[in-house]
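The residues making up each chain are set out below.
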Amino acid sequence: MTVGSTSSTSSTSPIGTQAFAGMNISNSGGTAPPITFNGVISGTNTTAMIQALMVAYELPQADIQNQINQLNSNLNDYQQLSSDLSSLQTASDAISQNFLWNATTAASSNSSVATATTTSGAQPGSLSFNVNQLAQAQVIASTNSVSSTSSVVANSPILLAVGAGQYGVTSLAGSGLTTGSHSINVTSALTGASTTGTSQLAGSTTITAGTNDTITANVNGTAQTFTIAAGTYTQSQLAAAVQAATTSSGTPLLNAGVSSTGDLQLNTSLLGSSSSLQITGGTALSALGLAAQTGASTGTAGAVNLDGGTSVAVNNVQSGSTVAVAGPNGSSVTLGIGATGLSTGTLTANEIGIGGGSLSSVVSAINSATAGVSASAVQVGSGAYVLQISSNQTGTNGAITMSNSSFSSSLGTMATVTAAQDAQIQIGGSTGYTVDSSSNTVTNVLQGVSINLVSAQPPGSSPVTLTISPNGTAMAGAVQTMVNAANQALADINTYAGYNATTKTGGPLMGDSNLTNLTTQILGVVADSAVGNNGITPTSVGLDLTANGTITFNQSTFEAAYQANPTGVAQLFSQGGSLTPSSPTYAGSVGLVFASDGTMPGSYNVNVSQSATQATDTGNVISSGTITAAENITVALGTSNITYAATAGESLSSIATGLNSLLSSAGIGIGASVNTVSGGSQIVLKSATFGSQSSFSVTSSAVGAGQTGLATTANTASQFAGLDVAGTINGVTATGSGQTLSAPLSDPTLAGLALNVTASGISTATNLGNFSYSPGIAGGMAFQGNLASSPLGGSLTGTITSLNQQIQTLTQQYNGYTPMIQAEQQMLQTEFTNMETTMSGLNSQGSWLAQQIKNLP
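Residues numbered from 1 in each chain as written. Predicted model: local features only at pLDDT ≥ 70, side-chain atom pairs only at ≥ 80, totals over all residues. Heavy atoms only, no water.

Peer 1: Talk me through the overall build of the protein chain; I want residue IDs and the actual numbers.
Peer 2: Scanning the protein chain from terminus to terminus reveals 11 helices and 53 strands. Overall, the protein chain is about 170 × 85 × 60 Å in size when its C-alpha atoms are taken along their principal axes. Evaluated residue by residue, the protein chain yields a buried proportion of 43% over its 857 residues. The long-range fraction of contacts in the protein chain, counting pairs at least 24 apart against all pairs at least 6 apart in sequence, stands at 70%. (Helix = DSSP H or I, 4+ residues; strand = E, 2+ residues; numbered from the N terminus. Buried < 20%, exposed > 50% of the residue type's maximum accessible area, 1.4 Å probe, protein only. Contact = heavy atoms within 4.5 Å.)

Peer 1: Lay out the environment of D422 with the relevant residues and their values.
Peer 2: Mapped onto the fold, D422 is located in the loop between β29 (414–418) and β30 (423–427). Taking the relative accessible area as the measure of exposure, D422 reaches 16% and is therefore buried. For the pair formed by D422 and S847, sequence separation is 425 residues and the distance between their alpha carbons is 121 Å. Those residues in contact with D422 that sit more than four places away from it in its chain are Q133, L134, A135, G395, T396, D436, S437 and S438. At 2.9 Å, the side chain of D422 forms a polar contact with the backbone nitrogen of T396. (Polar contact = N/O pair within 3.5 Å; in protein donor to acceptor, adjacent residues only side chain to side chain.)

Peer 1: Give a detailed account of a nonpolar patch on the surface, specifying residues and quantitative values.
Peer 2: A cluster of nonpolar residues, W848, L849, I853 and L856, forms a patch on the protein surface that exposes about 470 Å² of accessible area. As for its placement among the helices and strands, L849 is situated in helix α11 (residues 795–855). (Patch = residues over 30% accessible without salt bridge, like charges linked within 9 Å, V, L, I, M, F, W, Y side chains within 5 Å. Areas by Shrake-Rupley, 256 points an atom, 1.4 Å probe, with all protein chains shown as cover. Salt bridge = Lys/Arg side-chain N within 4 Å of Asp/Glu carboxyl O.)

Peer 1: Kindly report on the sheet that holds strand β20 (residues 302–306), identifying the contributing residues and their values.
Peer 2: With antiparallel pairing, six strands are arranged side by side in an open sheet as β21-β20-β7-β25-β5-β28. If you trace the sheet from one side to the other, it starts and ends with β21 (312–314) and β28 (400–402), each paired once. Each strand axis lies, on average, 25° off the axis of its neighbour in the sheet, ignoring direction. Sheet topology places strand β5 (residues 158–162) next to β28; three bridges connect them, and they run antiparallel. Across the sheet, the residue bridging to A161 is T401, located in β28. (Pairing = 2+ DSSP bridges. Axes fitted to C-alpha atoms, helices over the stretch in contact; angles between N-to-C directions.)

Peer 1: Explain helix α2 (residues 235–245) residue by residue, including any values.
Peer 2: The periodicity of an α-helix, 3.6 residues per turn, causes residues three or four positions apart to be oriented the same way. Along α2, the residues that are buried comprise Q235, L238, A239, A241, V242 and A245. Along α2, the residues classed as buried sweep out an arc of 160° about the axis, all on the same side. (Arc of directions from axis to C-beta.)

Peer 1: I'd love a proper account of the nonpolar core, names of residues and values included.
Peer 2: Counting 53 residues, the largest nonpolar core has W101, F558 and F573 as its most contacted members. For this core, the elements supplying multiple residues, two or more each, are α1 (46–93), α5 (472–497), α6 (513–527), β38 (551–553), α7 (555–564), α8 (566–573), α10 (776–789) and α11. When neighbours within four sequence positions are excluded, F558 is seen to be in contact with W101, G472, M475, A476, V479, V541, F553, V569 and F573. Among the nonpolar cores identified, the runner-up in size contains 25 residues, and A154, I366, I389 and M402 belong to it. (Core = buried A, V, L, I, M, F, W, Y, C linked by side-chain atoms within 4.5 Å.)

Peer 1: Any chance you could break down empty space enclosed by the protein for me, citing the residues and the numbers?
Peer 2: Under the criterion given, the structure shown has one cavity of 30 Å³ or more. The computed volume of the largest cavity comes to approximately 30 Å³. Considering only residue class, the lining of the largest cavity consists of three nonpolar, four polar and one charged. (1 Å grid on protein atoms, 1.4 Å probe; cavity = no way out; pocket = protein on both sides within 12 Å on 5 of 7 lines; lining within 4 Å. Points joined across faces, edges and corners; volume = space filled by probe spheres on them. Nonpolar A, V, L, I, M, F, W, Y, C, P; charged D, E, K, R; others polar.)

Peer 1: Could you give an account of the packing of α5 against α6, naming the residues involved and the relevant values?
Peer 2: Close contact between α5 and α6 brings their axes to 10 Å; oriented N to C, the two are set at 155°. On the basis of the axis angle, α5 is roughly antiparallel to α6. In this structure, α5 crosses over α6, and the sense of that crossing is left-handed. For the pair formed by α5 and α6, the contact residues are A486, A489, L490, I493 and A497 on the first element and L515, L518, T519, I522 and L523 on the second. Tallied by class, residues from the contact of α5 with α6 come to nine nonpolar, one polar and no charged. (Parallel < 35°, antiparallel > 145°, perpendicular 65-115°, else oblique. Left-handed = near helix turned anticlockwise from the far one by under 90°.)

Peer 1: Quick rundown of the pairing of strand β27 (residues 384–394)? Include the residues and the values.
Peer 2: Of the pairings in the sheet, the one linking strand β4 (residues 137–142) to β27 comprises four bridges and is antiparallel in character. Paired with A141 across the bridge in β27 is Q388. The sheet contact formed by strand β26 (residues 373–381) and β27 spans eight bridges and is antiparallel. Along β27, the bridge assignment pairs S374 with S390. Linking β26 back to β27 in an antiparallel pair, the connection comprises two residues, with G383 at a positive phi of about 65°.

Peer 1: An account of the packing of α7 against α8 is requested, with residue identities and associated values reported.
Peer 2: Interhelical geometry of α7 versus α8 gives an angle of 120° and a closest axis separation of 5 Å. By the angle class used here, α7 and α8 are oblique. From α7, F558, A561, Y562, Q563 and A564 reach across to α8, where they touch P566, V569 and F573. When its residues are assigned to classes, the contact of α7 with α8 shows seven nonpolar, one polar and no charged.

Peer 1: For the packing of aromatic side chains, give the residues involved together with the corresponding values.
Peer 2: Both the distance between ring centres and the angle between the ring planes are used here to describe each pair of aromatic rings. All told, the structure shown has seven aromatic pairs when counted by the stated rule. In this structure an aromatic cluster arises from ring pairing among W101, F553, F558, Y562 and F573. (Phe/Tyr/Trp six-rings, centres within 6.5 Å; stacked < 30°, edge-to-face > 60°.)

Peer 1: Describe in detail the sheet that holds strand β32 (residues 441–442), supporting the description with residues and values.
Peer 2: Taken together, the three strands give an open sheet; going across it, the order is β2-β33-β32, and neighbouring strands pair in antiparallel fashion. Bordering the open sheet on either side are β2 (114–118) and β32, each of which pairs with just one other strand. Across two bridges, the pairing between β32 and strand β33 (residues 449–453) is antiparallel. Directly across from T441, in β33, lies its bridge partner N452.

In structure tokens form, the structure reads like this:
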């Protein structure tokens, strides 16, 4: 007799044990192994009996599984609510700070002339201008044509560069260059002496003989008098007239031009360290916007190398001349020098092989070189083809410079078909100024505004006006997103924790007071703002609460309010605050810089022990206002530095002007000024920003009496640093950085609250007053979202963590029952097997006895 059985296995699947009647029944539920034998000898359904006994034994584990299932259901509900609140926080953060309320839109009075787009940072306002010209790319073409594209048109490689003009290079010729790109590196600028007018030229200037027609100047060490021809001139015509006045035997002593701001610019045609220029007087100075100078400016020597080879010094040469620069392995280039010299930077020139020299080969080679140009063989008539090369870049910086010597006489030379041209707009009419752009998208006029030029205007045309306005539609969309997120959270809270009066049933999380409070708090953000801000209330911007606990938003109402008062509407939604000063002295001295989503609304005391200061260098007091000896002054901030060469007898005012010009050009945030004090005047250098990060150094070649006194020891850097603000917020020690005082992010109340403290002159602990922080509607919503869903201490986060811990504990208990259940089943199977074995033995004995009795006589 054989009794079937199975091996014991472990499982944590849901319990669902059932008892069955009949034969060959297998238990597939719970954690006990299947029961597959029956009472063959006894005739008893042992499978059903064991299963029935196991159901009772498995009840505790089944109860645990039910608890786990319920907790998992609750966990899913809480996780959904946490996701809702996190979404509310994200949507609210998008509009919770003032600087985020900067969406603008641009409108043009004449879109056929110019349009505009705006980005972050654009400010409402308007700009009127005329479009003098559009940017265009240079196109050059051969002066002669050939009969076929297979005609040979070149006999040597072509050296070509795009944008050479921005480095002052006017022509290129090469020798011994390998095919490919080459770097022409101007490591030191070659400049002439120069000066720029201090006031803008008039749109129209009349020069009258004997009245306002002379300039006296020291040019390259020689006194000169220049007489301007009488006439009425535009700005550019006047510059040409000045240059003509300095010309002798066809060579000008001075090159003249007009800056983008309408100022006259003069440069010596001699370039290098021997050049000098000092305007000393003349009757034309007022008309030219010039002023007599107490000292002369000087030029600088240049240095150039080819492909990193030996540097070639370039000094004391005339503008328009050439310089040969030798490179590695016998290569060289010859550069034409522009009117104002050579500017530092790296020019990439391409040596292009010509293949067989045919027109088609040349076109293919140029296009394959990726040199920033496109070449084509243009058919201009029957059996007539010209080589045309177009720059891929608009503007003068995209101009093509190449050697004509490569081409055969059959093709002729390369002549300009379309000149490289910058776009230009005229702001303020004929008496205003011009702005140039290398493309037809002008981005350097208004912050955050890209002006797209469409067409040039004829002279005398009416200006086009761009109007930058607050974009109420865009901001309404952001508010609607926040409202949608809030309503989704409110709806889900009601689903999971509310009571359905129709079905008379409550949600699975009903009774959780945290969820009830969360509903009240979300709605309270709007309700608590009902008093509004300067007459602007939630209702006035389209926000209202409904009787069933939702928030409505009327976009039209919002847009009308925003258009009328964008600043006021932004203040209603965004974070803000104000100081109630302890003294009128400190009124307005504290402002909000930052508040996190965890910063609690409230009033916090601000106590400052040290005001922030700027790094300041105060020079010597000089009674004459001029320095005695020449002095080179180097100012360094971080990795940037400038050097100003002050001349003997130069005024402190002139030195300050020179320093400011260099500092501004280098982007160094330091300003120079002259203070008049008892006994004379002194130069003061001061950082634009506050705090320890604004430190700078000054090195001077000459110190002592009669010098600027900006450095203590000659040729040794003197250091100057500002101080960071120091103090407490709400009694908590805060960190200072410049004028910003920041509480720790870890503080449960302030949570990183940062304030801008402008109060000056404080060096001991001083109570400035109480700063009242208000998060606004959006900030308030973000606060509630963070309060619930923050990974660090959010109320829902805590509940989710607790549920996970409970599920983990119950799972451990569930798994602990499994081996006991399996052991119990094995024991019952063993007992019933033993019973069947015993009964089988008894049956055998019975059969034997019966046979014996039958055999009795």
